[in-house]
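# Structure assessment
These are the residues of each chain, in order.
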Amino acid sequence: MIRTRRTVHGRAHRHSRAAATAGAAVAVLALTAVTAGCEPQAAGSTPSAPSPAPTSGSPTDDAKPGADEPGTPTPSASTAPGKPASTPPKPTATRAPAPDPQGKVLMASGAQGKQVRELQARLRQIGHFNRTPTGYYGTVTVTAVQSFQGKRGLSRTGKADTLTWQKLLGMTHEPTAAELNPPTTRPVAKPDKRCMKGRVICISKNSRSLSWMIDGKVISSMDVRFGSQYTPTREGTFSVYWKSRHHVSTLYDSPMPYAMFFSGGQAVHYSSDFAARGYNGASHGCVNVRDEGKIASLYAQVRKGDKVVVYN
């Protein structure tokens, strides 16, 4: 009987120590779970699977798919981890260019047309343009405008701006038809006797003029320029054998508008170089006309086969 009591007592004592050991183990596990940041599970419950963290490709409640999680700062590409973000540079303010005190440019070098012709005629009225208006804004017109601007205390730009134009209008009168389209800047020579019959382009090298004549009557006249001593314009009686409105020289790669060919590659045509430089230059043998309006009118009237007379 005594042996039986010790056995029972020993078993009870062992059970008590085991229970104490188990309780200590549970306490240790609970403490470990708390320090690891996990939610401790109730004893005997089944741990639930952890919720996956939202990825940048999945939508959140207040952000579009692909946006960063709200409240999470996003480091910039240029900011290294652990370093403060640099302050972005302030945008540099660009200052708008100051407006031209003389106003908008109305006409400048290379322009052409009726307004350019009027500009030249008005400048001629007060002595700043000493030739027939051509309607082409070349170097001569630039110089004339600069001269006018200098006399009036304006910037010598050579461009017909608003202020320059207004001052010119105030000092001149509206050009007459004769002022806009005078027959020529030079006296027309007495026509050669070969020009007195039929339809003839009568060209005088001496007076440097061309007269379009029908049965001895002068229909129109214009200034012309000829070839140099190395490429002279041929003299004699010819006829127009080809007309080319937008011709370009294949030999010199230069434009020859309103070309009327009369001898090989020589033709009567408009020359912007003649309009700009006057008699400071020369052609390669052609008869240059500097008034585009007049050559355009002549081109419209001349027919293939009409006579051309070039004389000294």
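Everything numeric here is computed off the predicted structure, so don't read it as measured data.

### Focus on helix α7 (residues 292-301)
Note on helix geometry: an α-helix contains 3.6 residues per turn, so any two residues three or four positions apart are oriented the same way. Every buried residue of α7 is accounted for by K294, I295, L298 and Y299. On an axial view of α7, the arc spanned by its buried residues comes to 135°, and they lie on one face. For α7, the elements touching its buried residues are β4 (209-214), β5 (217-225), β7 (242-248), β8 (255-263), β9 (266-270) and β10 (287-289).

### Section: unusual backbone geometry
Its identity is not glycine, yet R208 carries a phi of approximately 55°, on the positive side. Mapping R208 onto the fold places it in the loop between β3 (199-204) and β4.

### Things to note about the packing of helix α2 (residues 114-125) against helix α3 (residues 139-151)
Orientation of α2 relative to α3, taken along the N-to-C sense of each, is 50°, at an axis distance of 11 Å. When the interaxial angle is binned, α2 and α3 end up oblique. Handedness of the α2/α3 crossing: left-handed. The residues of α3 that touch α2, namely those facing L119, Q120 and L123, are T141, A144, V145 and F148. Across the contact of α2 with α3, the residue classes break down as five nonpolar, two polar and no charged.

### Looking at the pairing of β8
Two faces make up the sheet, and in a regular strand the side chains alternate between them. Burial analysis of β8 places eight of its nine residues in the buried class, which makes it a mostly covered element. The turn joining β7 and β8, which pair antiparallel and follow one another in sequence, is formed by six residues; a positive phi near 55° is taken by D253. The pairing of β8 with β9 spans three bridges and is classified as antiparallel. Counted as the bridge partner of M260 is V268 from β9. Counting the residues between successive antiparallel strands, the hairpin from β8 to β9 contains two residues, one of them, G264, with a positive phi of roughly 55°.

Definitions and cut-offs
Residues numbered from 1 in each chain as written. Predicted model: local features only at pLDDT ≥ 70, side-chain atom pairs only at ≥ 80, totals over all residues. Heavy atoms only, no water. Buried < 20%, exposed > 50% of the residue type's maximum accessible area, 1.4 Å probe, protein only. Helix = DSSP H or I, 4+ residues; strand = E, 2+ residues; numbered from the N terminus. Arc of directions from axis to C-beta. Contact = heavy atoms within 4.5 Å. Axes fitted to C-alpha atoms, helices over the stretch in contact; angles between N-to-C directions. Parallel < 35°, antiparallel > 145°, perpendicular 65-115°, else oblique. Left-handed = near helix turned anticlockwise from the far one by under 90°. Nonpolar A, V, L, I, M, F, W, Y, C, P; charged D, E, K, R; others polar. Pairing = 2+ DSSP bridges.

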